[in-house]
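Each chain, written out:
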Amino acid sequence: MDKLASLLHTSPAIAWMVAKLIIVFGGVFSLAALWTWVERRGSAMIQDRIGPNRAALFGKIKILGLVQPLADGIKFFFKEDLVPHDANKALFWLAPFLALVPALMGFAVIPFGRSFVSGGQEYHLALLDPGNGMGLLYPLAIGGMAVYGVLVAAWSSNNKWSILGGMRASAAMVSYEIGMSLAVVTIFMTTGGYDPSEVISAQGHLPWAWNIVRQPLGFIVFFTCMFAETNRLPFDFAEGESEIVAGFNTEYGSMKFSLLALSEYCHLMTASALMATLYFGGWQVPFVKDPTVMLSVASFLVKMLFFAWVFVWIRWTLPRFRYDQLMRLGWKAMLPLSMVNLIFHAWRMSQGH
Amino acid sequence: MGVVVKKVELSWLDRTYVWPVMVGMGITIQHFLKQLFTPTAKRFTIQYPDMKKEMPEGYRGLHELKRFEDGAIKCVACFMCQEACPARCISIEAEEFSDLNITQGFEEKRPAKFSIDMLRCIYCGMCEEACPKDAIWLRKDYEVAAYDRLSMQFGKWDLMNTYTEVDGKESISQDPTPSVPRRTIAL
Ligand code: SF4
Ligand code: SF4
């Protein structure tokens, strides 16, 4: 790191920060792009089809069609960029970024590997160092912002289907935010802090001490709410194709649509990272007390990608909920369940002391 | 009395919703793994330009006009197929010729022109049914497409050569005997 810093004529701290920025945002972004391919191939396999396997570099190197996202991206760039006549132009342009930025930002606090000391200085593998005072409240707050992207996209395109989709998205967000927050609060309570590194170290390296074992109910609630948060099936009526054309992105095309779609996948990555951090011990390697940095990063990646795959897997297993069913599930099942979870753990803690 | 519809009673396990979802996920992952480990050739999807579907027996595709070993056309220009064709897409012009080898000096008829408009043809196979000489038949080639309408008008030589590559036969563009009747032969 010192060598890189001297190459760039900056201090090691700044060089490290830049490197982290590139790794985290570049990584999440490219993983999100890759996941569009995983989703398409995975869904195809689940439905006994084959999926996109023909895109090839220079017309020769096929690698299972892995360059499909690249081909899609190029195609999107060359599409005509239409803005509806009566749309609110400024907001229409802003919306994809409003959707993408919070989806990426949520990742900033999540430690993707164990901290290490080199040359007398401690390096943390998270964009924001632990003890920044925001901790895991930050991704939750940013996650709440994400609905603005959908809502602004819906509102600015001045289309009835879009507005219906936007309304649904915001209603879902409101009803699921509470259940999710209560589930997370339970974790903060049992951990005794809301810094991600604290949450991770409190879980330890033994799988039966992870929060998934301690709070399975909380996990189910959190997991379900994450689907509503990321607007994915079975809760994706913000763009229920069979009912409201394409929901909030009906009027979008070209690169703007691609940004909206990518933001969904970025959100998915952030959500899986959160799930791995909160319930599956983050970068902890099962049964290894002091993992090396590389091993811890690999462990985190495996957990995160597994959850990202579960998102895809569930999407192609379940049909879409009806709107009232979603509301009933949110208010009558998720909220009480997370409350029960909270009260149960509060009671146990009070007995413990 | 109406039909009594039996209501499905859900067990408590099904009511939790979590268990049925997990069962469903089990089913989808089974499909996923099965498809993943099936070699490409055995999957349901036929990846068209690389793999082609083997057409079943009795499939009616592109026509072929049959020929004798010496390359003479089997068709005798009897116009039966033209009459039978429901799409009216065959048009034939007959000519006379005589061939000492095969017809022993008799004068014979054969098509000077034989064309099928493949854009109108409905591949019904009536021409094959009608032909008294078994001179025309429909085979298994289904890739009948072209960039313009004119190249979909198949002439006599096109029709005689449609399957030469598949059968390993020579592509011909000339009748073995001239069309001018040889009336010098003494009967
Ligand atoms: S297949 Fe049917 S439509 Fe086509 S040329 Fe023969 S008789 Fe006519
Ligand atoms: S029915 Fe047969 S022999 Fe008669 S004109 Fe048609 S192809 Fe030739």
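Here the structure is shown first, and the text comes after it.
The present account deals with the structure reproduced in this document. (Residues numbered from 1 in each chain as written. Chains lettered and ligands numbered in written order. Predicted model: local features only at pLDDT ≥ 70, side-chain atom pairs only at ≥ 80, totals over all residues. Heavy atoms only, no water.)

Turning to the site of ligand 1, a few remarks are in order. In the vicinity of ligand 1 lie 14 residues, with Cys-85, Cys-121, Cys-124, Gly-125 and Cys-127 of chain B positioned nearest. Along the lines of polarity and charge, the residues of the shell around ligand 1 split into 12 nonpolar, two polar and no charged. (Near = heavy atom within 4 Å. Nonpolar A, V, L, I, M, F, W, Y, C, P; charged D, E, K, R; others polar.)

Attention now moves to empty space enclosed by the protein. Residues and elements named next belong to chain A. Evaluated as defined, the whole model comprises four cavities of 30 Å³ or more. The computed volume of the largest cavity comes to approximately 170 Å³. Forming the walls of the largest cavity are 14 residues, and the residues nearest its centre are Val-150, Thr-230, Asn-231, Ser-263 and His-267. When residues of the lining of the largest cavity are traced back to their parent elements, those giving at least two are helix H5 (137–156) and helix H11 (254–279). Ranked by residue count, the leading element in the lining of the largest cavity is H11, at four residues. Here the residues of the lining of the largest cavity sort into seven nonpolar, four polar and three charged. Estimates place the volume of the second largest cavity at around 100 Å³. Lining the second largest cavity are 14 residues, and of these Pro-139, Gly-143, His-267, Thr-270 and Leu-274 lie nearest its centre. If you list the elements that add at least two residues to the lining of the second largest cavity, you get helix H4 (89–105), H5, helix H9 (216–229) and H11. (1 Å grid on protein atoms, 1.4 Å probe; cavity = no way out; pocket = protein on both sides within 12 Å on 5 of 7 lines; lining within 4 Å. Points joined across faces, edges and corners; volume = space filled by probe spheres on them. Helix = DSSP H or I, 4+ residues; strand = E, 2+ residues; numbered from the N terminus.)

Taken together, Cys-75, Val-76, Ala-77, Cys-78, Phe-79, Met-80, Cys-81, Ile-92, Phe-114, Cys-131, Pro-132 and Ile-136 of chain B make up the full set of residues adjacent to ligand 2. Along the lines of polarity and charge, the residues of the shell around ligand 2 split into 12 nonpolar, no polar and no charged.

The next point concerns the pattern of salt bridges. Tallying each qualifying case throughout the model produces 15 salt bridges over all chains. Between Asp-50 of chain B and Arg-54 of chain A there is a salt bridge; the shortest N-O distance is 3.4 Å. Placement of the pair is Asp-50 of chain B in the loop between helix H2 (18–36) and strand S1 (63–65) and Arg-54 of chain A in the loop between helix H2 (12–46) and helix H3 (68–77), with the two residues belonging to separate chains. Under the relative-accessibility criterion, Arg-54 of chain A is labelled partly exposed at 40%. Close ionic contact of Glu-93 of chain B with Lys-113 of chain B constitutes a salt bridge, the shortest N to O distance being 3.9 Å. A residue pair is termed long-range when its members are at least 10 positions apart, and Glu-93 of chain B in strand S2 (residues 90–98) and Lys-113 of chain B in strand S3 (residues 107–117) qualify at 20 residues. Look at Lys-113 of chain B and you get exposed, because its relative accessible area is 51%. Overlapping salt bridges bring together Glu-64, Arg-139, Asp-167 and Lys-169 of chain B as one network. (Salt bridge = Lys/Arg side-chain N within 4 Å of Asp/Glu carboxyl O. Buried < 20%, exposed > 50% of the residue type's maximum accessible area, 1.4 Å probe, protein only.)

Another aspect to go through is the packing of aromatic side chains. Two numbers describe a pair of aromatic rings. These are the distance of the centres and the angle of the planes. Residues and elements named next belong to chain A. Throughout the structure, instances matching the rule amount to 18 aromatic pairs over all chains. Consider the rings of Phe-219 and Phe-280, whose centres lie 5.5 Å apart with planes at 75°: the pair is edge-to-face. Linking Phe-219 in helix H9 with Phe-280 in the loop between H11 and helix H12 (293–315), this pair joins segments that are 61 residues apart in sequence. The pair formed by Phe-219 and Phe-280 is uniform in burial state, with each residue classed as buried. Pairwise contacts between aromatic rings join Trp-210, Phe-219, Phe-222, Phe-223, Phe-227, Tyr-279, Phe-280, Phe-306, Phe-307 and Phe-311 into one cluster. Geometry around Phe-76 places Lys-75 over its ring, the cationic atom sitting 5.9 Å from the centre. The aromatic ring of Tyr-323 is capped on one face by Arg-168, whose charged end is 5.5 Å from the ring centroid. (Phe/Tyr/Trp six-rings, centres within 6.5 Å; stacked < 30°, edge-to-face > 60°. Lys NZ or Arg CZ within 6 Å of the ring centre and 35° of its normal.)

Below, the discussion takes up the interface of chain A and chain B. Frequently, the measure chosen for interface size is the accessible area removed from exposure when the parts meet. Contact with chain A, which involves 19 residues of that partner, is made by 16 residues of chain B. Between chain A and chain B the total buried area reaches about 1,600 Å² when both faces are included, carbon and sulfur atoms providing 67% of it. The largest share of the area that chain A buries against chain B comes from Met-45, Asp-48 and Ile-50 of chain A, three residues that together contribute 36% of it. Along the contact surface separating chain A from chain B lie one salt bridge. (Contact = heavy atoms within 4.5 Å. Buried area = accessible area lost by both parts, 1.4 Å probe.)

Turning next to H9 of chain A. Residue and element names in this part refer to chain A. Given a rise of 1.5 Å per residue, 14 residues ought to cover 20 Å, and the 20 Å separating the end C-alpha atoms of H9 matches this to within 8%. Where burial is concerned, most of H9 is hidden: 11 out of the 14 residues are buried. Listed in full, the buried residues belonging to H9 are Gly-218, Phe-219, Val-221, Phe-222, Phe-223, Thr-224, Cys-225, Met-226, Phe-227, Ala-228 and Glu-229. Buried residues along H9 sit in contact with H5, helix H6 (160–191), helix H8 (211–214), H11, H12 and helix H13 (323–352). Just downstream of H9, Asn-231 is the residue with a positive phi angle, here 60°. (Expected span 1.5 Å × (residues − 1).)

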